[in-house]
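Secondary and tertiary structure notes
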Amino acid sequence: MRFALLGTGRISGWFARTCHDSGIAEPAIVYSRSQERGEEFARSHDIAAWSDDLDAILADPEIDAVYVASPIPAHAAQVRQALAAGKHVLCEKSLAVDLAEAEELVEAAKKADRVLLEAVRHIHDSAMETIRAHLPELGRIWSASFEMIQYSSRYDAFRSGTVLNAFNPELGISALADVGIYPLHAAVQLFGAPRRTAAMTLSLPNDFQASATVLLDCTSTVVTCRYSKVTHGVTPSVIEGEDATMTIDKIAEPSEIGLHYRDGRTRTLMSVPARRPGDTMAGELEVFAQLVEAHDVDHRFHAQTLAVQAIVDEITAQAGESAPPVR
C-alpha cells in the first residue's frame, strides 16, 4: 500500500518509520506547503518524493491511501479531498473539531466507498488486547482511572512569556485534543460509551485548556480520566475490581502491566523496555490495511470515534468553550 503523507511533523516521521518496518506499506510521497521542508523531511525519512501540490498527489493513481497528520482544524478539508479523489484515508486523532463534522466525514467515506480510520494508535496496540483479555480476572469492575499527564517541553517557553504553537488554542490545540484523547479512548474501548460525563477543566490565561479531570458514568463502572500538559505524572492507570486491580504504567504506550490480587498475589502481564509513541503505531497500520483489503468502509471503529468525539464536545461545552474556527 503506497501512502501519501500530509504533514511533516514528528508524528509523520514515526508513521514513515512504521511503514518502512511493516512490510505492508510504503511512504511514497510527502506533502508540505513548503518545498524545502518537504524535501528535508523526505530525505530524512527515506521517502522518494515530495510535493507542495496536493491536487497532483491525489490525482496520482499509484497512491493508494493518504495519511493525514496536519493540524486538527485542517483535517476535515483534507479528508474530504482525499476521499473525493478515491483514496483510503488514515487520519490522525482527532478526526474532526466536533461531533457534527466527524459524522459528516464518516458518511462521506461511506458515500465514496473508501475506508476512513481515525489513527488512535493505543487502541489498536497489542497491549490493549492484553488488558482486555485479563479483565475477567478482576471480578466485577467498579472503577478505573486512566491518566495522560505529560509536562510539555514547550510549556517552559509559555511560562517565560512566549506562546508557541503547542499552547495556541487558535490552532485547535488543547490538552484535551493532544493528550486527553488517550484516556478517553481507553475508557470507551474497554467500558463503552458513557451515560453521563462530568468535566472539571483548568485553562491558562490565553484560554488554552491545560488540564482536566473527567468522570465518565459507564453504567456499572465509573471511569476517571485525567490529563495535563502542564504537570508531570508519576502514577499508573488502574482498573479496580472486586478480586484484583490492574495497573498500567502508561495508557498511551504501555510497557508494564500487572495484576494485584486481593489476597496479596501479583502477576506480571507485560514487562518490556519503555516504549516511545512511535513504537505503538504498527497496530493501527495493520488494522487499516485489513479494513482496506476487506473493503470494510462501514467498520466498527467509526462508533468508537463518534463516541469519543461526543465526550470531547461535552467536555468542551462544560468548560464554556466552543470548537476552534477553521483557519
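Residues numbered from 1 in each chain as written. Predicted model: local features only at pLDDT ≥ 70, side-chain atom pairs only at ≥ 80, totals over all residues. Heavy atoms only, no water.

**Re the overall build of the protein**
Assigned secondary structure in the protein consists of 10 helices and 14 strands. Against the compact-globule benchmark of 20 Å for 327 residues, the protein has a radius of gyration of 20 Å, which places it among compact chains. Expressed as lengths along the three principal axes of its C-alpha atoms, the size of the protein is roughly 60 × 45 × 35 Å. The contacts of the protein with a sequence gap of at least 6 include a subset with a gap of at least 24, amounting to 66%. Per element, the accessible surface of the protein, about 14,600 Å² overall, is 49% carbon and sulfur. Positive and negative charge centroids in the protein, built from 29 and 45 side chains respectively, lie 4 Å apart. (Helix = DSSP H or I, 4+ residues; strand = E, 2+ residues; numbered from the N terminus. Rg over C-alpha atoms; globule rule 2.2 N^0.38 Å. Contact = heavy atoms within 4.5 Å. Areas by Shrake-Rupley, 256 points an atom, 1.4 Å probe, with all protein chains shown as cover. Lys, Arg positive; Asp, Glu negative; His and termini not counted. Charge placed at Lys NZ, Arg CZ, Asp CG, Glu CD.)

**Some points on the packing of helix α5 (residues 99–112) against helix α10 (residues 301–318)**
A pair of packed helices is captured by two measures, namely the crossing angle of their axes and the spacing between those axes. Where α5 contacts α10, the axes come no closer than 9 Å and their chain directions differ by 165°. Taken together, the axes of α5 and α10 lie roughly antiparallel to each other. Considering only the axes of α5 and α10, their crossing is right-handed. Of the residues in α10, those in contact with Leu99, Ala102, Glu103, Val106 and Lys110 of α5 are His302, Leu306, Gln309, Ala310 and Asp313. Taken together, the residues that form the contact of α5 with α10 break down as 5 nonpolar, 2 polar and 3 charged. (Axes fitted to C-alpha atoms, helices over the stretch in contact; angles between N-to-C directions. Parallel < 35°, antiparallel > 145°, perpendicular 65-115°, else oblique. Left-handed = near helix turned anticlockwise from the far one by under 90°. Nonpolar A, V, L, I, M, F, W, Y, C, P; charged D, E, K, R; others polar.)

**Points about the packing of aromatic side chains**
Overall, the coordinates contain 9 aromatic pairs when judged by the stated rule. Where Tyr155 meets Phe167, the ring centres are 5.4 Å apart and the plane angle is 35°; that geometry is what we call tilted. Taken as a pair, Tyr155 in helix α7 (residues 155–159) and Phe167 in the loop between α7 and α8 (175–191) lie far apart in primary sequence, 12 residues in all. An identical accessibility class is assigned to Tyr155 and Phe167; each is buried. With centroids separated by 5.8 Å and ring planes inclined at 40°, the aromatic side chains of Phe158 and Phe167 adopt a geometry described as tilted. Using a relative accessible area of 15% as the deciding quantity, one classes Phe158 as buried. Each residue in the set Tyr151, Tyr155, Phe158, Phe167 and Phe208 is aromatic and connected to the rest through ring pairs, giving one cluster. Between the NZ or CZ atom of Arg140 and the centre of the ring of Trp142, over which it lies, the distance is 3.5 Å. Over the ring of Phe167 we find Lys229; its NZ or CZ atom is 5.0 Å from the centre of that ring. (Phe/Tyr/Trp six-rings, centres within 6.5 Å; stacked < 30°, edge-to-face > 60°. Buried < 20%, exposed > 50% of the residue type's maximum accessible area, 1.4 Å probe, protein only. Lys NZ or Arg CZ within 6 Å of the ring centre and 35° of its normal.)

**Things to note about helix α6 (residues 126–133)**
Regarding α6, the residues found buried are Ala127, Met128 and Ile131. Along the axis of α6, the buried residues cluster in a sector spanning 100°; they form a single face. Looking at the buried positions of α6, the neighbouring elements they touch are α8, β11 (237–241), β12 (244–248), β13 (256–261) and β14 (266–271). (Arc of directions from axis to C-beta.)

**Observations regarding the environment of Phe208**
Turning to its location among the elements, Phe208 is positioned in the loop between β8 (196–203) and β9 (209–218). As for Phe208 and Ala175, which are separated by 33 residues in sequence, their C-alpha atoms are 7.9 Å apart. The residues touching Phe208, leaving out its near neighbours within four places in the chain, are Ala166, Phe167, Asn168, Pro169, Ile173, Ser174, Ala175, Leu202, Ser203 and Lys229.

**Here we look at the pairing of β9**
Buried residues dominate β9, accounting for 8 of its 10 residues. Relative to β9, β8 is paired through 8 bridges, and the arrangement is antiparallel. Along β9, the bridge assignment pairs Ala199 with Val214. Between the antiparallel neighbours β8 and β9 lie 5 residues, among them Asp207 with a positive phi of about 70°. Here 8 bridges tie β9 to strand β10 (residues 221–228), and the two strands are oriented antiparallel to one another. Within β10, the residue paired with Val214 across the bridge is Cys225. (Pairing = 2+ DSSP bridges.)

**Here's the deal with the pattern of salt bridges**
Tallied over the full model, the rule gives 19 salt bridges. The salt bridge involving Arg43 is made with Glu39; its shortest N-O contact spans 3.0 Å. Here the residue Arg43 and the residue Glu39 both occupy positions in helix α2 (residues 35–44), the gap between them amounting to 4 residues, near one helical turn. Accessibility expressed as a relative area gives 29% for Glu39, which makes it partly exposed. Asp217 is paired through a salt bridge with Arg195; the nearest N and O atoms lie 3.1 Å apart. Remark: Arg195 occurs in the loop between α8 and β8 and Asp217 occurs in strand β9; sequence separation between them is 22 residues. Using a relative accessible area of 9% as the deciding quantity, one classes Asp217 as buried. (Salt bridge = Lys/Arg side-chain N within 4 Å of Asp/Glu carboxyl O.)

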